[in-house]
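# Secondary and tertiary structure notes
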Amino acid sequence: MPAPVIVATDLVKKYKDFAAVDGITFEVAPGESFGLLGPNGAGKSTTMRMIGAVSTRSSGSLSILGLDPNEHGPAIRSQLGVVPQQDNLDTELRVRDNLLVYGRYFGLPRAQVAARADELLEFAQLSDRAKAKVDDLSGGMKRRLTIARALINEPRVLLLDEPTTGLDPQARHILWDRLYRLREQGTTLVLTTHYMDEAEQLADRLIVVDKGRIMAEGSPASLIREHSSREVLEVRFGSERNATAAADLAGIGDRLEVLPDRILLYAHSGEEALAEVTRRGLEPITSLVRRSSLEDVFLKLTGRSLIE
Amino acid sequence: MTTTLDRPRSGGVKALYAGNARAVVGRGLLATRSTNWIIVLTGVFEPIFYLLAMGIGLGSYISGVTDARGDQIPYAAFIAPALLAVSAMNGAVYDSTWNVFFKMHFGKLYQGMLATSLGPLDVALGEISLALLRGAAYGTTFLLVMQALGLNLSWTALLALPAILLIAFGFASLGMGITSYLKTFQQMDWIQFVMLPMFLFSATFYPITVYPEPIQWVVQALPLWHGVELVRGLTTGALTWAMLVHLGYFLVMIALGLIFTTRRLRALFLD
Ligand SMILES: Nc1ncnc2c1ncn2[C@@H]1O[C@H](COP(=O)(O)OP(=O)(O)OP(=O)(O)O)[C@@H](O)[C@H]1O
Ligand SMILES: [Mg+2]
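Cut-offs applied
The numbering scheme is per chain: residues are counted from 1 as the chain's sequence reads. Chain labels run from A onward and ligand labels from 1 onward, assigned in the order the entries are written. It should be noted that, the model being predicted, local features are given only for residues of pLDDT at least 70 and side-chain atom pairs only at 80 or more, the latter also being counted only at that level, while totals for whole chains, interfaces and linings use all residues. To get the side-chain values, all heavy atoms of the structure are used, and hydrogens and water are removed first. Metal-coordinating donors are taken as N, O and S atoms lying within 2.8 Å of the metal, or within 3.2 Å when the metal is Na, K or Ca; because water is left out, some sites can appear incomplete. Numbered from the N terminus, helices here are DSSP runs of H or I no shorter than four residues, and strands are runs of E no shorter than two. Each residue is assigned to one of three classes by its accessible area relative to the maximum for its type, calculated with a 1.4 Å probe on protein chains only: buried under 20%, partly exposed between the two thresholds, exposed over 50%. A cutoff of 4 Å decides nearness: a residue is near a molecule or strand if any of its heavy atoms lies inside that distance of it. Throughout this description, a polar contact denotes any pair of N or O atoms lying within 3.5 Å of each other; where both atoms belong to protein, one of them has to be capable of donating a hydrogen while the other can accept it, and for residues adjacent in sequence the pair is counted only when both atoms sit in side chains. Methods summary: accessible areas were calculated by the Shrake-Rupley approach with a probe of 1.4 Å, and residue burial reflects only the protein chains presented. Three classes are used: nonpolar for Ala, Val, Leu, Ile, Met, Phe, Trp, Tyr, Cys and Pro, charged for Asp, Glu, Lys and Arg, and polar for all others, with Gly counted as polar. Two strands make a pair as long as DSSP finds a minimum of two bridges between them. Lines are fitted to the C-alpha atoms to define the axes, a helix being fitted only along its stretch in contact, and any angle between axes, read from their N-to-C directions, falls within 0 to 180 degrees. Working rule for angles: under 35 degrees goes down as roughly parallel, over 145 as roughly antiparallel, 65 to 115 as roughly perpendicular, anything else as oblique. Each crossing gets its handedness from the near helix: less than a right angle anticlockwise from the far helix is left-handed, clockwise is right-handed. Note on contacts: a residue pair is in contact if any heavy atoms of the two residues lie within 4.5 Å. In short, buried area is how much 1.4 Å probe accessible area vanishes from two parts on joining, totalled over both. We count a salt bridge whenever a side-chain nitrogen from Lys or Arg sits within 4 Å of a carboxyl oxygen from Asp or Glu.

All names here are of chain A. Coordination of the magnesium ion (ligand 2) by the protein is provided by Ser-45 (OG) and Gln-85 (OE1), with metal-donor distances spanning 1.9 to 2.1 Å. Residue Ser-45 is found in helix H1 (residues 44–51), and its partner Gln-85 is found in the loop between strand S5 (80–83) and helix H3 (95–105); the two are separated by 40 residues along the sequence. The class of Ser-45 is partly exposed, set by a relative accessible area of 23%.

In this section: the site of ligand 1. All names here are of chain A. Not every one of the 14 residues close to ligand 1 is listed here, only the nearest: Asn-40, Gly-41, Lys-44, Ser-45 and Thr-46. One of the backbone N or O atoms of Ala-42 is found 3.1 Å from an oxygen atom in ligand 1. Contact distances for ligand 1 include 3.0 Å between an oxygen atom and a side-chain N or O atom of Glu-162. Contact with the protein chains hides 63% of the accessible area of ligand 1, taken as 640 Å² for the molecule alone. Here the shell around ligand 1 is composed, by residue class, of 5 nonpolar, 7 polar and 2 charged.

We now examine the pairing of strand S9 (residues 213–218) of chain A. Residues and elements named next belong to chain A. Taken together, the 5 bridges between strand S8 (residues 205–210) and S9 define a ladder with antiparallel strand orientation. Pairing of Ile-207 across the sheet is with Glu-217, part of S9. Between the end of S8 and the start of S9, which pair antiparallel, lie 2 residues, with Lys-211 showing a positive phi angle near 50 degrees.

For the rest of this paragraph, the subject is the packing of H3 of chain A against helix H5 (residues 139–150) of chain A. Residue and element names in this part refer to chain A. Packing of H3 against H5 leaves a shortest axis separation of 9 Å and a crossing angle of 25 degrees. Here H3 is positioned roughly parallel relative to H5, judged by the angle of their axes. Considering how the two elements wind past one another, H3 and H5 form a crossing that is right-handed. Here H3 contributes Val-95, Asn-98, Leu-99 and Tyr-102 to the contact with H5, which in turn contributes Leu-145, Ala-148 and Arg-149. For the contact of H3 with H5, the per-class residue count stands at 5 nonpolar, 1 polar and 1 charged.

All names here are of chain A. Pairing is antiparallel in the open sheet, where 3 strands are placed in the order S2-S1-S4. The outermost strands of the open sheet, each flanked by one partner alone, are strand S2 (18–28) and strand S4 (59–64). Neighbour-to-neighbour, the strand axes of the sheet open up by a mean angle of 25 degrees, direction not taken into account. Bridging between strand S1 (residues 6–15) and S2 involves 8 bridges; their strand directions are antiparallel. Paired with Val-7 across the two strands is Glu-27, which belongs to S2. Where H1 meets the sheet, its contacts fall on S1, S2 and S4, and the angle it forms with S2 comes to roughly 60 degrees.

With 37 residues of chain A in contact, the opposing surface of chain B contributes 36 residues. Between chain A and chain B lies a buried interface of about 3100 Å² when both sides are counted; carbon and sulfur atoms form 48% of it. Three residues stand out in chain A for area buried against chain B, namely Arg-77, Glu-92 and Tyr-105 of chain A, and they jointly supply 21% of the buried area on that side. Of the charged contacts, one joins Arg-27 of chain B and Asp-90 of chain A as a salt bridge, the two residues approaching to 2.6 Å between their closest N and O atoms. If you look at where chain A meets chain B, you find 14 residue pairs in polar contact (both at pLDDT 80 or more). Breaking the side of chain A that touches chain B down by element, the ones donating at least two residues are S1, S4, helix H2 (69–77) and H3 of chain A. Residues belonging to the side of chain A that touches chain B are distributed by class as follows: 12 nonpolar, 14 polar and 11 charged.

Residue and element names in this part refer to chain A. In space, the 6 strands of this open sheet follow the order S5-S6-S7-S3-S8-S9, with mixed pairing throughout. Of all strands in the sheet, those with a lone pairing partner are S5 and S9, marking the two edges. Strand after strand, the sheet turns through a mean of 15 degrees between neighbouring axes, direction not considered. In this structure, S5 lies alongside strand S6 (residues 157–161), joined through 4 bridges in parallel fashion. Looking at the pairing, Val-83 lines up with Leu-160 of S6. Taken strand by strand, helix H11 (residues 294–302) contacts strand S3 (33–37), S8 and S9, and its axis lies near 40 degrees from that of S8.

This is the structure:
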């Protein structure tokens, strides 16, 4: 196995007495696409900032590309690409100039940066907007420009903090497609998200984080296999009858989860579970059989929904 | 490799400085395309108006001003070097306070810069250099106006140019550090509140000897007084040993300002 590009051991970040990241341990292999999945306030961004060598850990050890960020901040950052949760494009500069100037921050020669900028504008499908003002771009375009900017130094590791939050479905798919290509080219990706579909699409392996701690680790498929049933039956009885109906459903499937608006029944076969529900004389207003997802894994591990 | 200390300490100069402040300067020059030129011009003309109104207008009623060696000089030649120091200060302070304030709070510019291989010292040096350039531009314009009006009394006036660079550098490095503490527009007004009396009372328009001794000490503690005396010595040609003290004052101010600003940037953006 090649040496890992990121090794975090018992990583902790405290703000005053509050531990935003509370002892997490993981490794990322070169070329891997690694995800951090978790709800708001889980500590995803805080972890990303430590990996990005812009936030000092409170304790634990961290090695990025074999270097300690406490000692070698600039050297590490020169090999990273960073897409922060909130775009911080330079609004005083035009689209192409954003790339040129950013490349110069890495100390790269002008000619090399110029050639690379044109390639990246092409990659981000922004060539025709090269001279536009940043403020005139749409949210999706800004995000693509931020990703293009993060690639200007041909980074070995690309850090993406919620790359598609706030974008419409079409813009998300365009972005996923771009990230897919990077993955194919062998760039190591580390991304955070609270969208399970995004994690399933983009991550080879992920950690589920809650309250600064790791709840589970594995590939999306193995996490689902390990922590959930094959299928899920969702039934709705209306908010008043939910609780009483839940009592009558006991014993169907492997496990049952009562949410305010619906009940989830975890079973190998959703159809069989539904047949059993009707056999018991219960008549749900609506019912739906679907595959288990990371959302279900999260619910099982934390008792809470991923998106609040 | 990795360390497992309980409270990891951050490393030396390597962690602070990548030797690439010029990239920050380059960015600043490119961004000046979207500069508010009215503000720039105001900064250039303000001291010129003072010179015309007070030096030429009021000055025709005033006689008996002497330079540092006790020689009689025209009133305009007395206040012009003070206004020159002020114009360098204004340029530097405008850039290192207002511009920096906006970048810190609205543009998230430094956050972006510090995610690259730049260190906080690169950013501080680069931004301060830009402020210094503006101060130098204001100062050079003013020095040319002085030349045209015959207010440079000695060839040593040429040395006023590096002197105002030094003054601008001092004010810019301290200004940026102080600005990093300010969070609201009201707080930004405090800067004006300090600058105006300093401008009026730093032996700008009359010799410091008009004050009682305790007040003289206060004025002599302020940076502008040192700037005024340094530049006045050079443009009038009345050189004294005390000018070395003024020079030293600014060298110390620059060093402290740089350390202060670098630490602040690090505390704010690399916490
Ligand atoms: N600079 C800071 N000072 C104090 N507390 C902080 C700071 N930054 C983050 N926190 C706290 O640390 C916790 C984790 O924050 P973080 O931004 O890492 O969460 P996240 O997983 O990225 O959440 P989100 O999905 O909302 O982006 C939160 O409770 C947050 O309030
Ligand atoms: Mg976050």
